[in-house]
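Observations on the model geometry
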Amino acid sequence: MRRALVFIVLLLWPGWVLAQDAPPQPSYLVADEVFITENRVLIARGNVEVFQGLVRVQAEEIRYDRVTGELSIIGPIRYRDGEDITVLASAADLDANLRSGILQSAQVVIAEQLQLTAAQMHRVNDRYSQLYKTAVTSCDVCEDGKPPLWQIRAKRIIHDRQEGQLYFDQAQFRIRNIPVAYIPRLRFPDPTVDRARGFLFPSYRATSELGFGLKIPYFIPIGDDRDITVTPYLSSRTTTLELRYRQAFVNGRIQFDTAVSRDDERSGETRGYVFGNGNFRLPNDFGLSFQIQWASDDAYLQNYGISEADRLVNWLSISRAERDEFISGSFFVFDSLRDDEDADTIQKYIADVFYERRYDVPNVGGEFRLYVNGHSHIRPSSDDVIGRDVSRINTEAEYLRGFILPGGVRSEARVGLAGDIFNITQDSSFEQNQTQFTPYTTVAFRYPMTRVTESGATDFLEPIAQLAWTGSSQLNIPNEESTLVDFDDGNLLALSRFPAPDRRERGTVGAFGVNWSRVTPSGWEGAMTLGQVFRNEADEDFTRSSGLSGTESDYLIAGQLRTLNGLAFTARTLFDSSFDFTKAEVLGQYVRPKMAVSGSYIWLIKDEVEGRSLDTSEIYLDGRYNVSDSWVANADWRYDMVENRSSTAGLSLVYFNECVEVDFSVRRRYTSSSSLEPSTSFGLTIGLRGFSARTSEQTTTKSCG
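Predicted model only: the values in this text are computed from it and were never measured.

Comments concerning the overall build of the protein chain
The number of helices and strands found in the protein chain is one helix and 42 strands. The C-alpha atoms of the protein chain give a radius of gyration of 36 Å, which is well past the 27 Å a tight globule of 705 residues would have. In the protein chain, the share of contacts with a sequence separation of at least 24, taken over all contacts with a separation of at least 6, comes to 44%. Carbon together with sulfur atoms contributes 55% to the accessible area of the protein chain, which is approximately 37,200 Å² in total. On the protein chain, the mean spot of the 74 positive side-chain charges and the mean spot of the 96 negative ones are 7 Å from each other.

Below, the structure written as structure tokens:
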């Protein structure tokens, strides 16, 4: 019978499905020719394909014996079971339901990642496959006879498809064809498993402080919603146990990382840390998030390469943001790791509550806004002055409305009243309770203009100006929150440029400037803002380095540049009429397919009020370069130009292909303190791909040409 005429539903062939325990599924056969012998054996030849459920078999010839219920298949055979498993074999004897039997010279490919080559393969129902004299690898294997980069050879492997596990008997790990490890029993998850109990690939870490060490993580899933990773860290100078716990909830998630150590750095002491975070969705569209950070001593985090933070921040926050309303409440606990900070005199406990509501004003137009902000910070010390605690409540009610004046001038007017209440304790130099009401008003003008040049570029030019008045005088309260003032293009037209409402700019203040931008057809984009602030009286709470001291501020210049070839710059600087710079910063990056470089430069003059006894001048560079399709180099460098020395430097080399990833890194910290010495650390991580779920990372494969 010719192929064009053969499309047989094999349920019509007596006995084909009678051997199945499960409810029968129809089987379909397509072949160039099909015939039945005298002893009632069905033979299909030439481009044979059999379909049953998710199973599809392709072969040159298939024989079905009605008496024994067995299928004899002559290859080359391609056996596909669902989306994840493909088997290539030379010959096979299977039962009628295509689920159990023996395949000769089998090659199994799982999830297009892991391949198992065996002399013989036994299939038992849908769950188990037993392979003998097996080689396993995720590397591409060429036909030139050269061994893959790595492979695991075993006397026997059992693949439990239901659990997604591979069990190795008498396993031997080889690099190229050289045996490097022998393991009597071994278990790995197959690539279809997202979360499986077992060892993860180890990493090696060597530092000048802790010596050479090995980390061997062990992953333990606890149901579908939680897991724990236990990582012993063993070296010549430390014994450490690391733990990571994660749990997912219907409305949120949590993660905790912790470690306990005994080392030579602090002999006889038990050291450790705990970091945790989480977030949850609450009823009525509220969100809750938290962070926990604790370390046993000032040097632990940097000794073990966990974090370079010099302050630990514990916080809890609840908030909700809607179109016309914003509510938030937060509580912070700070712990300092700095040598120059006293834990008893820093603002350790901080609480903040914020509420904002907007109302449209019918018939009249415009908008009415109501603000309420409550804040309190407490120092652990109970001594006078150095243990000062401050609480405040700040409220504002204001009306805003925008106008378009003749000639296209855009204007916005604001008028409002602020009320402030302060409570200052443990400082006899300030009155404890102070209250104040402050009226204010502002009017701002913008005159936007655009043009299109003959080349097709679009220019935008916008002169801006603001006149503001704030009544009352500054209360005699300590400056606790507005010690660091930033003057930039974002607050050029602000009513107050102090970062917190414990301070307000008083009197009459004017601001003038211009915004300019240009967009070209070639993709080049640029923008710039120039501005200056004038006031009738100097504000003593503005320091020299803020750029706002005196009756005339420093000149502000801020700009951005972006091109289609991946180049981008952002810069800002403040300087006075004598061109003495107080602040300057430049951020830049250059991104191409094979490389990426980013960097920053910052300059700040010394300012005792802001906690700087010396000028600050620092360069930071970070880069990536794809040396080839399989090699990536990363480097970063921080240099202190005042001290004329490097602060930190790091370099890493990563090699990866379809079957392996190797990451080698070296890092040097040059700075020192009473609790930390300069140190150098080395890291090495080797990962074999194929024993985990497929990731979205782009990988390269070698060529067999």
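From this point, things continue past the structure.
Concerning the environment of Glu398
Following the sequence through the fold, Glu398 ends up in strand β27 (residues 389–404). As a C-alpha pair, Glu398 and Thr671 span 273 residues in sequence and 50 Å in three-dimensional space. Apart from residues lying up to four places away in sequence, Glu398 is in contact with Glu367, Phe368, Arg369, Tyr371, Arg414, Val415, Gly416 and Tyr440. In terms of polar contacts, Glu398 uses its side chain to reach the side chain of Tyr371, at 3.4 Å.

Side note on the nonpolar core
Grouped together as the largest cluster of nonpolar side chains are 47 residues, with contacts concentrated most on Leu116 and Phe168. One finds Leu492, Leu493, Val509 and Leu548 within the second-largest nonpolar core, a separate group that totals 13 residues.

Regarding the pairing of strand β19 (residues 238–249)
As paired elements, strand β18 (residues 226–235) and β19 share nine bridges and run antiparallel to each other. For Asp227, the partnering residue across the bridge sits in β19 and is Arg246. In this structure, the hairpin formed by β18 and β19 is closed by a connection of two residues. The antiparallel hairpin formed by β19 and strand β20 (residues 252–263) contains two residues in its connecting segment.

A word on the packing of aromatic side chains
Each aromatic ring pair is characterised by the separation of its centres together with the angle its planes make. Applying the stated criterion to the full structure yields 21 aromatic pairs. The interplanar angle of 75° and the centroid separation of 4.8 Å between the aromatic rings of Phe199 and Tyr218 together place this pair among those described as edge-to-face. Note that Phe199 is positioned in strand β14 (residues 198–199) and Tyr218 in strand β17 (residues 218–221), a separation of 19 residues in sequence. Judged by its relative accessible area of 57%, Phe199 is exposed. When the centroid spacing of 5.8 Å and the interplanar angle of 65° are considered together, the rings of Phe512 and Phe534 count as edge-to-face. Note that Phe512 is positioned in strand β32 (residues 507–519) and Phe534 in strand β33 (residues 525–535), a separation of 22 residues in sequence. Overall, the relative accessible area of 45% leaves Phe512 in the partly exposed class. Clustering of aromatic rings is evident, with ring pairs tying together Tyr233, Tyr273, Phe275, Tyr300 and Tyr304. Above the ring of Tyr233, the side-chain terminus of Lys215 is found at 5.1 Å from the ring centroid.

Things to note about unusual backbone geometry
A cis amide bond links Gly75 to the next residue, Pro76, at an omega of 10°. With respect to the element layout, Pro76 can be found in strand β6 (residues 70–81). The phi torsion at Glu112 lies on the positive side, around 60°, for a residue other than glycine. One can find Glu112 in the loop between β8 (101–110) and β9 (114–124). Here Val385, not a glycine, exhibits a phi torsion of approximately 75°, which is positive. Position of Val385 among the secondary structure elements: in the loop between β26 (367–378) and β27.

Brief notes about the pairing of strand β34 (residues 555–562)
Judged from the seven bridges that link them, β33 and β34 form a sheet pairing that is antiparallel. If you follow Gly526 over to β34, its bridge partner there is Leu561. Pairing between β34 and strand β35 (residues 567–575): eight bridges, direction antiparallel. Bridge pairing in β35 places Gly559 opposite Ala571. The hairpin turn running from β34 into β35, its antiparallel successor, is four residues long, and Gly566 in that turn takes a positive phi close to 95°.

Thoughts on a negative patch on the surface
Where like charges cluster on the molecular surface, the negative patch consists of Asp342, Asp344, Asp383 and Asp384. Tracing the backbone shows Asp383 in the loop between β26 and β27. Since its relative accessible area comes to 42%, Asp383 is described here as partly exposed.

Some remarks on the pattern of salt bridges
Overall, the coordinates contain 48 salt bridges when judged by the stated rule. Of the charged contacts, one joins Arg358 and Asp324 as a salt bridge, the two residues approaching to 3.8 Å between their closest N and O atoms. Residue Arg358 is found in strand β25 (residues 349–360), and its partner Asp324 is found in the loop between β23 (311–321) and β24 (325–336); the two are separated by 34 residues along the sequence. Where Arg535 meets Glu505, a salt bridge forms, and the shortest distance between an N and an O atom there is 2.9 Å. Highlighted residues: Arg535 in strand β33 and Glu505 in the loop between β31 (458–470) and β32, separated in sequence by 30 residues. Pair check on accessibility: Arg535 and Glu505 agree, each one buried. The structure contains a network of salt bridges with shared partners spanning Asp81, Arg99, Arg123 and Arg161.

A look at the state of the cysteines
One covalent bond between the sulfur atoms of two cysteine residues makes up a disulfide. Under the criterion given, the structure shown has one disulfide. Between the sulfur of Cys139 and that of Cys659 lies a disulfide, 2.0 Å long from S to S. A torsion of 85° about the S-S bond marks the disulfide between Cys139 and Cys659 as right-handed. You can see Cys139 sitting in the loop between β10 (128–137) and β11 (150–160) and its partner Cys659 sitting in the loop between β40 (645–656) and β41 (660–669), a full 520 residues away along the chain. Note on Cys139: relative accessible area 1%, which makes it buried.

Parameters and conventions
- Residues numbered from 1 in each chain as written.
- Predicted model: local features only at pLDDT ≥ 70, side-chain atom pairs only at ≥ 80, totals over all residues.
- Heavy atoms only, no water.
- Helix = DSSP H or I, 4+ residues; strand = E, 2+ residues; numbered from the N terminus.
- Rg over C-alpha atoms; globule rule 2.2 N^0.38 Å.
- Contact = heavy atoms within 4.5 Å.
- Areas by Shrake-Rupley, 256 points an atom, 1.4 Å probe, with all protein chains shown as cover.
- Lys, Arg positive; Asp, Glu negative; His and termini not counted.
- Charge placed at Lys NZ, Arg CZ, Asp CG, Glu CD.
- Polar contact = N/O pair within 3.5 Å; in protein donor to acceptor, adjacent residues only side chain to side chain.
- Core = buried A, V, L, I, M, F, W, Y, C linked by side-chain atoms within 4.5 Å.
- Buried < 20%, exposed > 50% of the residue type's maximum accessible area, 1.4 Å probe, protein only.
- Pairing = 2+ DSSP bridges.
- Phe/Tyr/Trp six-rings, centres within 6.5 Å; stacked < 30°, edge-to-face > 60°.
- Lys NZ or Arg CZ within 6 Å of the ring centre and 35° of its normal.
- Patch = residues over 30% accessible without salt bridge, like charges linked within 9 Å, V, L, I, M, F, W, Y side chains within 5 Å.
- Salt bridge = Lys/Arg side-chain N within 4 Å of Asp/Glu carboxyl O.
- Disulfide = S-S within 2.5 Å.

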